[in-house]
Amino acid sequence: MFNFNNLKKYKEKIGVYQIKNVVDKKVYVGSTVDLYRRLKAHYNELKGNKHKNGYLQNSWNKYGEINFIVEILEIVEKEDSIISREQYWIDKTKCCDRDIGYNRRVIAESNLGIKQTEEAIMKNSEAKKGMNHPRRIVDIDQVKEIKKKSNLGITTREISNETGVSIDIINAIRKEKSWSDVEPKIIKNKLSSNKILSKDDVIKIKRMLNSGMKTKDISLMYSVSHRTISSIKNGLIWSNVGEEITINKKKKRMSVEDANRVRDMIDKGLSDKEISTIFKTSKNSIKSMRYRHLKNKGKK
């Protein structure tokens, strides 16, 4: 499935990918300026049952995580070639055909539908040529607006909702990977200010944390520091907003009496899983106790 150890080599690599259902062979094709980060975001959204592509999400829910694989279709050298290469693979795989794939757009990174006229498609194609942006559909005025909003401390997600520009594009602009020659310049320290989080943001962040999403991924999504998300997770800030964080609750230290009971259960042949369920602790904790117990008894 999504083997992130194998995908780490694609960090900050530009390219086109597909998510494939190995049962019915349907595919979802996409492109990104950071393959590792984008695929990880896909995984978290699908696992959290909140992927924007309903066709893909329904299929994931039906067939399960085990029946989906990731394939890198192409590594792209230049950012301004990414959309044309995504379009090539959309056409090649026919992934917009509902019997073949999950994609809803016949034109890469646009809202055009199958019934779009040839003239409209040509106009959209010209609009995509923009300056040297990896995932364009933005003009200079939009870039200026995005930069101004960023410098005011508005989150990437809020800017995306207000402007209709994708999060990938906005992040690329904020990190000056593209459109860096357009004024105003990005004020770096605004990107990690605690002030840019609204109450609604914190509520959503806490839900993501409780669903198991990593603090690093959330910090990238909201363009705030890893430390800010960790502080929310540990109840150091915004503790009175949103749901209680349960994902990182520390287990109570096992008493001497319970430890002796665990050793007796190990001697009686109970498995790590069975014992961890009884004591409501992790399998790894029981596994460590088993190792130490057997080592002390000379049965390592």
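This text follows the structure it describes.
In this report, we go over the structure that sits alongside the text.

### Regarding the overall build of the protein chain
Then, number 1: Of regular secondary structure, the protein chain possesses 14 helices and three strands.
Then, number 2: Buried residues in the protein chain amount to 43% of all 300 residues.
Then, number 3: Surface accessibility of the protein chain: about 17,400 Å² in total, with carbon and sulfur atoms responsible for 48%.

### Section: the pairing of strand β1 (residues 15–21)
Then, number 1: Taking burial as the measure, the seven residues of β1 include six buried ones, the bulk of the element.
Then, number 2: With antiparallel pairing between neighbouring strands as the criterion, β1 and strand β2 (residues 27–32) make up a hairpin whose turn holds five residues, including K25 at a positive phi of roughly 70 degrees.
Then, number 3: Note that β1 and strand β3 (residues 68–75) share seven bridges and pair antiparallel. Bridged to Y17 within β3 is I72.

### Focus on the nonpolar core
Then, number 1: If you look at the biggest cluster of nonpolar residues, it comprises 16 residues, and the most contacted ones within it are F2, I19 and L56.
Then, number 2: Put simply, the parts of the chain that give this core at least two residues each are β1, α2 (35–47), α3 (54–63) and β3.
Then, number 3: At five residues, the largest contribution of residues to this core is made by α2.
Then, number 4: Not counting residues within four places of it along the chain, the set of residues in contact with L56 comprises I19, Y28, L46, H51, F68 and Y102.
Then, number 5: Counting 14 residues, the second largest nonpolar core, distinct from the first, contains M208, M213, I229 and I245.

### Describing the packing of aromatic side chains
When we look at a pair of aromatic rings, we describe it by the centre distance and by the angle of the planes.
Then, number 1: Tallying each qualifying case throughout the model produces three aromatic pairs.
Then, number 2: Taking the centre distance of 6.2 Å and the plane angle of 75 degrees together, the rings of Y43 and W60 count as edge-to-face. Here Y43, found in helix α2, pairs with W60, found in helix α3; they are 17 residues apart in sequence, far enough to count as distant.
Then, number 3: With a relative accessible area of 12%, Y43 lands in the buried category.
Then, number 4: A residue is classified by how much of its surface remains accessible, and W60, at 7% relative accessible area, is buried.
Then, number 5: Where W60 meets F68, the ring centres are 5.4 Å apart and the plane angle is 35 degrees; that geometry is what we call tilted.

### Quick look at the pattern of salt bridges
Then, number 1: Overall, the coordinates contain five salt bridges when judged by the stated rule.
Then, number 2: Across the salt bridge formed by E74 and R85, the nearest N and O atoms sit 2.9 Å from each other. Of this pair, E74 sits in strand β3 while R85 sits in helix α4 (residues 82–93), and the two are 11 residues apart along the sequence.
Then, number 3: Across the pair R290 and D272 runs a salt bridge, and its minimum N-O distance is 2.7 Å. Placement of the pair is R290 in helix α14 (residues 283–296) and D272 in helix α13 (residues 272–279), with a sequence separation of 18 residues.

### Considering unusual backbone geometry
Then, number 1: Of note, the amide linkage connecting E183 to P184 takes the cis form, showing an omega dihedral of 0 degrees.
Then, number 2: In the Ramachandran plot, E12 falls in the positive-phi region, its phi being about 60 degrees despite a non-glycine side chain.
Then, number 3: Summarising the element assignment, E12 is placed in the loop between α1 (4–7) and β1.
Then, number 4: Taking relative accessible area as the criterion, E12 reaches 59% and is therefore assigned exposed.
Then, number 5: With a phi close to 60 degrees, N49 is a non-glycine residue in the positive phi region.
Then, number 6: Here N49 lies in the loop between α2 and α3.

### Observations concerning α13
For an α-helix, the turn length of 3.6 residues means that residues three or four places apart are oriented alike.
Then, number 1: For α13, the full list of buried residues reads D272, I275, S276 and F279. Down the axis of α13, the buried set is contained in an arc of 100 degrees. They therefore lie on one face. Along α13, the residues that are exposed and aim more than 90 degrees away from the buried face are K273 and T277.
Then, number 2: On its buried face, α13 is in contact with α12 (256–267) and α14.
Then, number 3: Trailing α13 by a residue or two, K280 shows a phi angle of about 55 degrees, which is positive.

Rules behind the numbers
- Residues numbered from 1 in each chain as written.
- Predicted model: local features only at pLDDT ≥ 70, side-chain atom pairs only at ≥ 80, totals over all residues.
- Heavy atoms only, no water.
- Helix = DSSP H or I, 4+ residues; strand = E, 2+ residues; numbered from the N terminus.
- Buried < 20%, exposed > 50% of the residue type's maximum accessible area, 1.4 Å probe, protein only.
- Areas by Shrake-Rupley, 256 points an atom, 1.4 Å probe, with all protein chains shown as cover.
- Pairing = 2+ DSSP bridges.
- Core = buried A, V, L, I, M, F, W, Y, C linked by side-chain atoms within 4.5 Å.
- Contact = heavy atoms within 4.5 Å.
- Phe/Tyr/Trp six-rings, centres within 6.5 Å; stacked < 30°, edge-to-face > 60°.
- Salt bridge = Lys/Arg side-chain N within 4 Å of Asp/Glu carboxyl O.
- Arc of directions from axis to C-beta.

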